[in-house]
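Examination of the molecular architecture
Next come the chains, spelled out residue by residue.
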Amino acid sequence: MKIVLGADHAGCALKNAAKEYLLKRDIDVIDLGVGSDDEPVDYSDIGIKAAEMVAAGESDRGILSCGTGIGMSIAANKVRGAYAALCTDSFMAKMSRLHNNANILVLGGRVVSVERALEMVGVWLDTPFEGGRHFRRIEKIRAYENKDIEGNGSHSKGRLVIMDHPLIQHKLGIIRNTSTSVKEFRELVEEIAGLMVYEITRDLPVEEIEVETPLAKTRAKTISGKKMAVVPVLRAGLGMVQGILKLIPNAKVGHIGVYRDPTTLQPVEYYCKLPGDIEERDILIVDPMLATGGSSVLAIDLVKRRGGKKVSLVCLIGAPEGLQKVKEAHPDVDIYMAALDDHLDEHGYIVPGLGDAGDRLFGTK
Ligand code: RB5
């Protein structure tokens with residue numbers, strides 16, 4: 001493990017003590033200073049720099065201190081991917097790992113003694129993240145952080161985007177309702193899939209072309225770059241395909257069939273037919289429900305094994321358990337969903353969810 005340390009003049013003593021403690025534990029440190037307490041510096045510079053290093057993976061975690069810890073935590077938390085926790089005792093330090101998965105510990109040099117600070121550092125280092133419902137909460141923060149990179153041409157991979165567009169949310173509310181008819185359910189799943197893809201494709205590259213209107217020649221835009229493929233996971237994924245094809249009629253469609261082995265409970269492939277040029281396409285794997293994540297992980301595996309490179313997963317509703325599984329197995333895949341729900345019940349259904357999407361789409365129950 002590598003830890004970046006940073007402090008201003010008021011936090012310098014704590015930082016130096018923490019450094020000594022970490023080195024004794026054979027932990028690598030990067031010391032951003034400040035070197036002594038009579039060297040006044042702005043905590044903001046050091047806090048931001050350290051947080052950037054943690055967010056970029058140049059350091060696994062960070063420990064920051066200033067007089068109160070407040071300035072450092074405000075500065076660090078402005079950096080996307082930094083989760084800085086200002087703690088004043090070991091209980092807070094422990095909870096900041098268990099529940100918040102904090103990657104930066106912030107201490108106040110004028111608030112806690114060196115002795116207490118070192119005790120906190122020890123607890124903080126040795127406490128793992130608990131996951132479960134806390135994972136869902138952190139993912140919501142992460143999704144919020146990613147909101148503004150949705151449309152600005154950024155192609156960071158492995159994003160979770162929760163699409164909170166009012167129309168998507170309104171329609172999702174209707175399909176959740178148990179009394180919505182099969183006909184309406186089917187139409188709305190199609191519409192939601194279309195609205196989601198409208199948002200997802202806002203980064204597609206365009207190029208200028210010349211066209212002739214009835215009045216004059218002008219420059220217009222056309223979509224350039226890679227072609228798309230839509231790959232529904234059978235059978236519920238089929239319900240999303242038409243809504244997407246209405247917007248991207250030239251997309252090719254692959255199909256993946258997966259069932260769950262009743263004895264091993266593991267997902268098993270029974271069908272996989274993908275476009276021949278799949279490696280050249282942007283691929284949207286569609287499945288309305290991301291429940292345990294087993295079939296999504298397998299579907300992504302199958303697509304990648306056949307050469308798929310830029311793969312995204314589009315679902316209507318996800319459970320934290322499934323999301324975690326997909327993120328662990330395929331950290332490079334962008335995941336788009338309309339809602340991240342609470343949990344799975346003992347039968348693997350998403351709660352509150354909308355029931356079995358396949359049955360509701362095809363009227364089989
Ligand atoms: C420095 O005197 C002090 O303002 C600073 O260390 C800190 O308390 C900021 O939050």
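The written sequence of each chain sets the order in which its residues are numbered from 1. Selection of residues for local features in this predicted model requires a pLDDT of at least 70, selection of side-chain atom pairs for listing and counting requires 80 or more, and totals for whole chains, interfaces and linings are taken over all residues. Only hydrogens and water are removed before side-chain values are computed, so all heavy atoms of the structure are retained for them.

**Here we look at the UniProt feature "binding site: uracil" (unreviewed entry) in the chain**
Put simply, the test is: UniProt positions are given in the numbering used here, feature names are shortened, and annotations may be inferred rather than shown by experiment. The numbering of helices and of strands both runs from the N terminus, where a helix is a DSSP run of H or I of at least 4 residues and a strand a run of E of at least 2. The criterion used for residue contact is that any of the two residues' heavy atoms lie within 4.5 Å. Any N or O atom pair separated by 3.5 Å or less is treated as a polar contact, with the protein-specific requirement of one donor-capable and one acceptor-capable atom, and with residues adjacent in sequence counted only for side-chain atom pairs. The buried label applies to any residue whose accessible area, calculated with a 1.4 Å probe on protein chains only, is under 20% of its type's maximum; exposed applies above 50%, and partly exposed to all values in between.
Per the UniProt annotation, the sites labelled "binding site: uracil" (unreviewed entry) are I350, G355, D356 and A357. You can see D356 is positioned in the loop between strand 18 (350–351) and helix 12 (357–362). When sequence neighbours within four positions are dropped, the list of residues in contact with D356 reads R235 and Y349. At 2.9 Å, the side chain of D356 forms a polar contact with the backbone nitrogen of G358. For A357, a relative accessible area of 6% gives the class buried. Contact partners of A357, with chain neighbours within four places excluded, come to F185, A236, P288 and M289.

**Digging into the sheet that holds strand 4 (residues 84–86)**
Here is the rule: The pairing criterion for strands is at least two bridges between them, as found by DSSP. For helices, the fitted axis covers only the stretch in contact; all axes are lines through C-alpha atoms, and the angles between them, taken along N-to-C directions, range from 0 to 180 degrees.
The strand order across the open sheet formed by 5 strands is 2-1-3-5-4, and the pairing between neighbours is parallel. The sheet is open, and its two borders are formed by strand 2 (28–31) and strand 4, each paired with just one other strand. When the angles between neighbouring strand axes are averaged without regard to direction, this sheet yields 20°. Alignment of strand 3 (residues 61–66) against strand 5 (residues 104–108), held across 5 bridges, turns out to be parallel. If you follow G62 over to strand 5, its bridge partner there is I104. Sitting on the sheet, helix 5 (residues 114–126) touches strand 1 (2–7), strand 3 and strand 5, and the angle it makes with strand 5 is about 170°.

**Looking at the pattern of salt bridges**
What counts is decided by this rule: Salt bridge, as used here: a side-chain nitrogen of Lys or Arg that lies within 4 Å of a carboxyl oxygen of Asp or Glu.
Considering all chains together, one arrives at 18 salt bridges under this definition. Put simply, E139 and R142 hold a salt bridge, and the shortest N to O gap is 3.2 Å. Residue E139 and its partner R142 are both found in helix 6 (residues 133–146); the two are separated by 3 residues, about one turn of the helix. Residue classification places E139 among the buried residues on the basis of a relative accessible area of 2%. A salt bridge links D334 to R159; the shortest N-O distance between them is 3.9 Å. Taken together, the residues span a long stretch of sequence, with D334 in strand 16 (residues 334–340) and R159 in the loop between helix 6 and strand 6 (160–162) at a distance of 175 residues.

**Describing the packing of helix 1 (residues 12–24) against helix 5**
Convention followed: Orientation categories follow fixed angle ranges, with anything under 35 degrees roughly parallel, anything over 145 roughly antiparallel, 65 to 115 roughly perpendicular, and all other angles oblique. Take the far helix as your reference; a near helix turned counterclockwise from it by less than a right angle gives a left-handed crossing, and one turned clockwise gives a right-handed crossing. Each residue receives one of three labels: charged for Asp, Glu, Lys and Arg, nonpolar for Ala, Val, Leu, Ile, Met, Phe, Trp, Tyr, Cys and Pro, and polar for the others, Gly being one of them.
Contact pair helix 1 / helix 5: the axes reach a minimum separation of 10 Å and the direction vectors enclose 50°. Put simply, helix 1 runs oblique to helix 5. Crossing of helix 1 over helix 5 shows right-handed handedness. Residue-level inspection shows L14, A17, A18, Y21 and L22 of helix 1 in contact with helix 5, the latter providing V114, A117, L118, V121, G122 and L125. Classifying every residue of the contact of helix 1 with helix 5 by side-chain character gives 10 nonpolar, 1 polar and no charged.

**Quick word on the state of the cysteines**
Note the threshold: The disulfide criterion is simple: two cysteine sulfur atoms within 2.5 Å.
Applying the stated criterion to the full structure yields 0 disulfides. As a non-bridged cysteine, C66 has C12 as the owner of its nearest cysteine sulfur, 12 Å distant. Looking at C66, the relative accessible area reads 3%, which means it is buried. Looking at C272, it has no disulfide partner, and the nearest cysteine sulfur is the one in C315, 19 Å off.

**Concerning the domain arrangement of the chain**
Let me state the cut-off plainly: The split of the chain into domains comes from an automatic or database domain assignment. In short, buried area is how much 1.4 Å probe accessible area vanishes from two parts on joining, totalled over both.
When cut into domains, the chain gives domain 1 (2–146) and domain 2 (160–362). Of note, the centres of domain 1 and domain 2, computed from C-alpha atoms alone, are 38 Å apart. Facing the 8 residues of domain 1 at the interface are 9 residues of domain 2. Between domain 1 and domain 2, roughly 770 Å² of surface is buried when both sides are summed, and carbon and sulfur atoms account for 60% of that area. Taken as a group, F135, R136 and E139 account for 62% of the area that domain 1 buries against domain 2, more than any other trio of residues on that side.

**Side note on the confidence of the model for the chain**
Convention followed: One confidence number per residue, pLDDT, is output by the predictor and ranges from 0 to 100.
Residues of the chain with pLDDT of at least 70 account for 98%, and the chain-wide mean is 93. The model gives residues 150–155 a pLDDT under 50, and that stretch makes 13 contacts with residues more than four places away or in other chains.

**Overview of a nonpolar patch on the surface**
Operational definition: Patch criteria: residues need more than 30% relative accessible area and no salt bridge. Like-charged residues are merged within 9 Å; nonpolar side chains of Val, Leu, Ile, Met, Phe, Trp and Tyr are merged within 5 Å. Only the protein chains shown count as cover for residues, with accessible areas throughout obtained via the Shrake-Rupley method and a probe of 1.4 Å.
On the surface, Y259, Y270 and Y271 cluster together into a nonpolar patch covering about 330 Å² of accessible area. Tracing the chain through its elements places Y259 in strand 11 (residues 255–260).

**Focus: the environment of I244**
You can see I244 is positioned in helix 9 (residues 238–247). Look at I244 and you get buried, because its relative accessible area is 0%.

**Observations regarding the pairing of strand 3**
By the criterion of burial, strand 3 is predominantly enclosed, with 6 of the 6 residues buried. The alternating pattern of strand 3 places R61, I63 and S65 and G62, L64 and C66 on opposite faces, both of which are buried. With 5 bridges joining them, strand 1 and strand 3 adopt parallel strand pairing. Looking across to strand 3, one finds that L5 is bridged to I63.

**Quick look at the site of the ligand**
As a reminder, the rule being used: Residues are labelled near a given molecule or strand when at least one of their non-hydrogen atoms is within 4 Å of it.
Around the ligand sit D8, H9, A10, Y43, C66, G67, T68, I70, G71 and R110, and that is every residue in its neighbourhood. Between the ligand and G67 there is a distance of 2.6 Å, counted from an oxygen atom to a backbone nitrogen or oxygen. In the model, an oxygen atom of the ligand is placed 2.7 Å from a nitrogen or oxygen of the G71 main chain. Here the ligand loses 73% of its free accessible area of 300 Å² to cover by the protein chains. Partitioning the shell around the ligand into residue classes produces 4 nonpolar, 4 polar and 2 charged.

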